[in-house]
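Read off the chains here:
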Number of protein chains: 2
Amino acid sequence: MCVATASRRVKFWGWGYEDEQRSAAEVQEAAAGIRQHLGFAPADAEAPVELDAIELPAPRLEPPAALAHICSSEPYERVSHAQGKGYRDVVRAFRGRVDNPPDVVARPRDEPEVEAVLEWCADAGAAAIPYGGGTSVVGGVEPRIDEGSYAGAVSIDLHALNRVLEVDPTSRAARIQAGAPGPALEDQLRPHGLTLRHFPQSFELSTLGGWIATRAGGHFATRLTHVDDLVESVRAITPSGEWASRRLPGSGAGPSPDRFLLGSEGILGVITEAWMRLQARPRWRTSASVLFETFAAGSEAVRELSQSGLEPSNCRLIDAAEAAVTGAAVDGRSLLVLGFESADHPLDAWMARALECCNAHGGEAPEGARHTGPGDERGRDSGSGAWRAAFLAAPYLRDTMVLAGVFTETFETAITWDRAGSFVEEVRETAEAALRDIAGAGTVTCRFTHVYPDGPAPYFTMLAPAVRGGELEQWDAVKAAASDAVIAAGGTITHHHAVGRDHRRWYDRQRPEAFARALRAAKAEVDPRAILNPGVLIDPARG
Amino acid sequence: MCVATASRRVKFWGWGYEDEQRSAAEVQEAAAGIRQHLGFAPADAEAPVELDAIELPAPRLEPPAALAHICSSEPYERVSHAQGKGYRDVVRAFRGRVDNPPDVVARPRDEPEVEAVLEWCADAGAAAIPYGGGTSVVGGVEPRIDEGSYAGAVSIDLHALNRVLEVDPTSRAARIQAGAPGPALEDQLRPHGLTLRHFPQSFELSTLGGWIATRAGGHFATRLTHVDDLVESVRAITPSGEWASRRLPGSGAGPSPDRFLLGSEGILGVITEAWMRLQARPRWRTSASVLFETFAAGSEAVRELSQSGLEPSNCRLIDAAEAAVTGAAVDGRSLLVLGFESADHPLDAWMARALECCNAHGGEAPEGARHTGPGDERGRDSGSGAWRAAFLAAPYLRDTMVLAGVFTETFETAITWDRAGSFVEEVRETAEAALRDIAGAGTVTCRFTHVYPDGPAPYFTMLAPAVRGGELEQWDAVKAAASDAVIAAGGTITHHHAVGRDHRRWYDRQRPEAFARALRAAKAEVDPRAILNPGVLIDPARG
């Protein structure tokens, strides 16, 4: 079986692997082009610091001898586990500002070692931070802990648990270890003709356990939107024992134990493996690019599609400004990327009816903008495959933007259809005003990434000149303005990016107070020393 | 708006309304026919006792003056709220054996009255049993409480909260009070051209709040199987305050608060209302009856259908013995009731491909067994409409069977496809052996009520001569044998009937131990006096 290549290292400060980082000259050239494309004044690109130049405080913890062989306090390990991959993470890390390095990075290779690490943390009074791909954009893996309460922090990196352990082709399911990143997982499923088909933007680096812990959003724009629906059962190690559900296609026996782990963001236990529902590889695919005069018209078409029962796999509505930024020539029109896929049947009837819906709202699908044919697992040969290639490249581009002094951040939410139109406008205008107040320029664009019969999941992209040296204050102000607007207008603080530490203030206003108390009590029961990922979702009471 | 008709009373001992009960002569005649049809020896039908003949212990509680006008300790109220509608409930109640009558039945008319009743219960040390339609078949509403721990029991009947409060046609959602029974709820949605389309077998009597509390299974055989997927947000009153989630089409903000209430069976709070996702009324329907030589062949076809992405609304595979009992002339073959419905598009392509799948496994859909045409909300004009009429009539027939001395009980579960074939055989044979050991005769039949890509939900029906006067011991032995077999073979103790008190022993072996501890801690936090539905799901620690 293919497993992660140990010889490549991920960049300590940004997206992807070290060997993928462009040279300083290349970045300089790209930076000029990007700023010009965005309409910003030229600026020199900065260079990321060298790892050697970063000074770290001495580790406050030393692992017991029995765990020394799976633990490291090397600078690369500590720095690369010190933050996630959000804008404020990259902006700090490329300048060598490492606010909260873990003292130790542990890499358990099996469940007993996970248990042993948790025991050590509990004994030592250390915070234990489960770590998958480290791709959190909400402060989910940063050991931002209360120094008075914890003796230090241990990042528990699950990458050694990266195998597909069993495949059940009859039920189309597989038992997969939590540390498996997207490509390794798909590589191991491919020989069986099966695929998880969960392709979040972080797919290359993020892991199954991270997806489950954060309720990640994936490939499908309708129906199987979150990883939640793909989970058949989960195993986790809590500080007070294992948490293992039965493998079942459906159950009505009490509140779902799996749904309580889904979204728990590492505060209840370390997810070690899961039985996941798989798909057969698609044999038929059809896609179309549909243009609408206005976002509102496209939105009405998408609402009708979402309520039609047709269940397109792709149904992403992109506003005119965002379509222009990403290079689609759409003459000020909004773009709907529409696609169906099936391993079972041709999709002519589905697409024909979907295009009827679009046409009824003025949508035009130009000749050449429709692709029908055999599908491969990543859809590389189709229109939506091109879309996905750009989608997966975005984090790489983001790194270059950060070096070029571009403030680039996204946020996402969900809202019911009755409020969606005014919601998007209010939130967009509020965020754009915040950008311009601070940096004198900036745009906020929107797309619907996922759609439900009762509402869309709007995803906003913010671009502005960065306030060099003041990026964090800029981020704080813009993030607060945007999040306040989302919460005030009835949205959720996150549809699929998770809560982490960065969304806490707004999450606390959103979730039912009684549920927060219930969750805190549940956590205190399974994690009595409150070692697991403190500060994420709730503030645990330390025993 | 139409609300429940106050002038009709439900039978205190069995299914439906008092004015629907057949006369003694009619029951006698039907009973003879039923026993003959089942191949059992003739026996006289018994008659249910009159309410006046039932002696009840004096109520141990008296409501405070402020609540007296919504409380009753009248015999009809106490007896009719003393148990659910399972076999062991009906068998006791028709003979006037009322083991655990509530002391008081409270009928709050708004949330402040729910709060006031809960406060009174907490102050008085009384158990508080939320009560919707009273249709539990698992002991979910019976005040089977520890006398040493509670001063008495109050049944909180939610029927006064039976209104649709708001309809949002754009998002296709409605805010509905929890006490609304199926017909009242659909009557109020009909003028808007919308429908919840949640039709459990208990539809006529059961309520929205009950469905949510028990994760009821409804109309759709695939995709929207449980009520879970129809819930947009929930409000509940806990003994320590309200629990109210935001109205959202989707969210990834922490573990879902709604999914923690779904299946909570009244132990966390009294559900008072919910925003529910609705459907447009179907305009196209197509259905077929497909016959298979063996259940195994039908099962393979259904597996393929469940993994096809076609998502039939009806996909119920019935074994030969059950098809024969219910009067379908199928010559020893298994019957698949297959149907599609849509408010958006004709379904020819869907049904054509589904029948191809069936044919590939030897399925035959005779001429005359296919129906295509405009659909009405209950499908009365179609093949699956006839199926549903029989389905909804079953509980009435059950009452007559009980009087006729027929042991009749069902149980249901779910299992992954890889194990489904041997699972069904093992469980069926074990249950049938238990029936025959005790009563010398008996059959167990099986159908798949719901199917998922990774497995079916098998539903078993047991019929045997009742051991007159020993029905409860008979039930205990058969239930234990069947449930042991289900749990030992990897199934769930319930797919959609809930846990209640009757499934506790097996639920305790099924759920993750760490989750049980988390749930107990969460309950202790929101219900610190442990008044809510004690004994259901968990044994609360009394504070």
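Residues numbered from 1 in each chain as written. Chains lettered and ligands numbered in written order. Predicted model: local features only at pLDDT ≥ 70, side-chain atom pairs only at ≥ 80, totals over all residues.

Colleague: I tried to follow the overall build of chain A on my own but got confused; where do I start?
Modeller: Scanning chain A from N- to C-terminus turns up 15 helices and 18 strands. Against the globule reference of 24 Å for 543 residues, chain A gives a C-alpha radius of gyration of 23 Å, in line with a compact fold. Counting only C-alpha atoms and orienting by the principal axes, one finds that chain A spans roughly 65 × 60 × 45 Å. Counting across all 543 residues of chain A, residues that qualify as buried make up 61%. (Helix = DSSP H or I, 4+ residues; strand = E, 2+ residues; numbered from the N terminus. Rg over C-alpha atoms; globule rule 2.2 N^0.38 Å. Buried ≥ 20, exposed ≤ 12 C-beta atoms within 10 Å, placed from the backbone.)

Colleague: Help me understand the domain arrangement of chain A in this model?
Modeller: Residues and elements named next belong to chain A. Segmenting chain A into domains produces domain 1 (23–53 + 387–496), domain 2 (55–281 + 511–543) and domain 3 (282–375). The centre of domain 1, based on its C-alpha atoms, is set 25 Å off from the matching centre of domain 3. In this complex, domain 1 contributes 16 residues to the contact, which on the side of domain 3 involves 16 residues. Of all the secondary structure elements, the ones that give two or more residues to the side of domain 1 that touches domain 3 are α11 (383–403), α12 (417–439), β17 (443–452) and β18 (455–465). Broken down by element, the side of domain 1 that touches domain 3 gets its largest block of residues, 8 residues, from β17. Partitioning the side of domain 1 that touches domain 3 into residue classes produces 10 nonpolar, 5 polar and 1 charged. (Domains from an automatic or database assignment. Contact = placed C-beta atoms within 7 Å. Nonpolar A, V, L, I, M, F, W, Y, C, P; charged D, E, K, R; others polar.)

Colleague: What should I look at first to understand the packing of α12 of chain A against helix α13 (residues 471–488) of chain A in this one?
Modeller: Axes are the key here: two packed helices are described by the angle between their axes and the distance separating the axes. Residue and element names in this part refer to chain A. Close contact between α12 and α13 brings their axes to 9 Å; oriented N to C, the two are set at 160°. What the angle tells us is that α12 and α13 run roughly antiparallel. You can see that α12 and α13 cross each other, and the crossing is right-handed. Counted together, Glu426, Val427, Thr430, Ala431, Ala434, Leu435, Ile438 and Ala439 of α12 and Gln474, Ala477, Val478, Ala481, Ala482, Ala485 and Val486 of α13 form the full contact between these two elements. For the contact of α12 with α13, the per-class residue count stands at 12 nonpolar, 2 polar and 1 charged. (Axes fitted to C-alpha atoms, helices over the stretch in contact; angles between N-to-C directions. Parallel < 35°, antiparallel > 145°, perpendicular 65-115°, else oblique. Left-handed = near helix turned anticlockwise from the far one by under 90°.)

Colleague: I tried to follow the sheet that holds strand β9 (residues 241–244) of chain B on my own but got confused; where do I start?
Modeller: In sheet architecture, strand pairing relies on hydrogen bonds along the backbone and comes in two forms, parallel and antiparallel. All names here are of chain B. With respect to topology, 5 strands assemble into an open sheet ordered β5-β6-β10-β8-β9, the strand pairing being antiparallel. The open sheet terminates on both sides in strands that have one partner only, identified here as β5 (164–168) and β9. On average, each strand axis in the sheet is tilted by 10° relative to the strand beside it, whichever way the strands run. Strand direction decides the pairing type here: strand β8 (residues 231–238) and β9, joined by 4 bridges, are antiparallel. Among the inter-strand pairings, arginine 235 is bridged to a residue of β9, identified as alanine 244. (Pairing = 2+ DSSP bridges.)

Colleague: Sorry if this is basic, but what is going on with helix α12 (residues 417–439) of chain B here?
Modeller: Structural remark: α-helix, 3.6 residues per turn; residues separated by three or four positions point the same way. All names here are of chain B. With 23 residues, α12 should reach 33 Å at 1.5 Å per residue; the first-to-last C-alpha distance of 33 Å fits that figure. Turning to α12, its buried residues number three or more, namely Trp417, Ala420, Phe423, Val424, Val427, Arg428, Thr430, Ala431, Glu432, Ala434, Leu435 and Ile438. Of the surrounding secondary structure, the elements contacted by the buried residues of α12 are α8 (295–306), β17 (443–452), β18 (455–465) and α13 (471–488). Positive phi shows up at glycine 440, right after α12, with a value of about 75°. (Expected span 1.5 Å × (residues − 1).)

Colleague: Which parts of the structure should I look at to understand the sheet that holds strand β2 (residues 104–106) of chain A?
Modeller: Residue and element names in this part refer to chain A. Spatial strand order, β1-β2-β4-β3: 4 strands in an open sheet with mixed pairing. Pairing within the sheet leaves two strands with one partner each, and these edge strands are β1 (71–72) and β3 (127–131). As paired elements, β2 and strand β4 (residues 153–157) share 3 bridges and run parallel to each other. Across the sheet, residue alanine 106 finds its bridge partner in β4, namely isoleucine 156. Each of β2, β3 and β4 touches helix α4 (residues 111–124); the most contacted strand, β4, lies at about 170° to it.

Colleague: Please explain the packing of helix α15 (residues 513–526) of chain A against helix α15 (residues 513–526) of chain B as it appears in this structure.
Modeller: Taken N-terminus to C-terminus, the directions of α15 of chain A and α15 of chain B make an angle of 135°; their axes are 7 Å apart at the nearest point. Taken together, the axes of α15 of chain A and α15 of chain B are oblique relative to one another. α15 of chain A and α15 of chain B meet at a crossing whose hand is right-handed. Packed against α15 of chain A, whose contacting residues are Ala514, Arg517, Ala518, Ala521, Ala522, Ala524, Glu525 and Val526 of chain A, the element α15 of chain B presents Ala514, Arg517, Ala518, Ala521, Ala522, Ala524, Glu525 and Val526 of chain B at the interface. When the residues that make up the contact of α15 of chain A with α15 of chain B are grouped by side-chain class, the tally is 12 nonpolar, no polar and 4 charged.

Colleague: What is the right way to look at the relation of the copies chain B and chain A in this model?
Modeller: The second copy of the chain is related to the first by a rotation about an axis and a shift along the axis. Least-squares fitting of chain B to chain A yields an RMSD of 0.0 Å, with the transformation described by 0.0 Å of translation along the axis and a rotation of 180°. Taken together, these values place the two copies in the relation of a two-fold axis. A shared binding surface is used by both copies, with 100% of the interface residues of chain B retained as interface residues in chain A. (Least-squares fit on C-alpha atoms with pLDDT ≥ 70 in both.)

Colleague: Looking at this model, I keep getting lost on the confidence of the model for chain A. Mind explaining?
Modeller: One rule of thumb: low pLDDT means the predicted coordinates there are not for detailed reading. All names here are of chain A. Per-residue confidence for chain A gives a mean pLDDT of 93, with 95% of residues at or over 70. Taken together, the stretch residues 1–5 has pLDDT below 50 and engages in 13 contacts with residues farther than four places along the chain or on a different chain. Segment residues 376–383: pLDDT under 50, and 18 contacts once partners within four positions in sequence are set aside and those in other chains are kept. (pLDDT = per-residue confidence, 0-100.)

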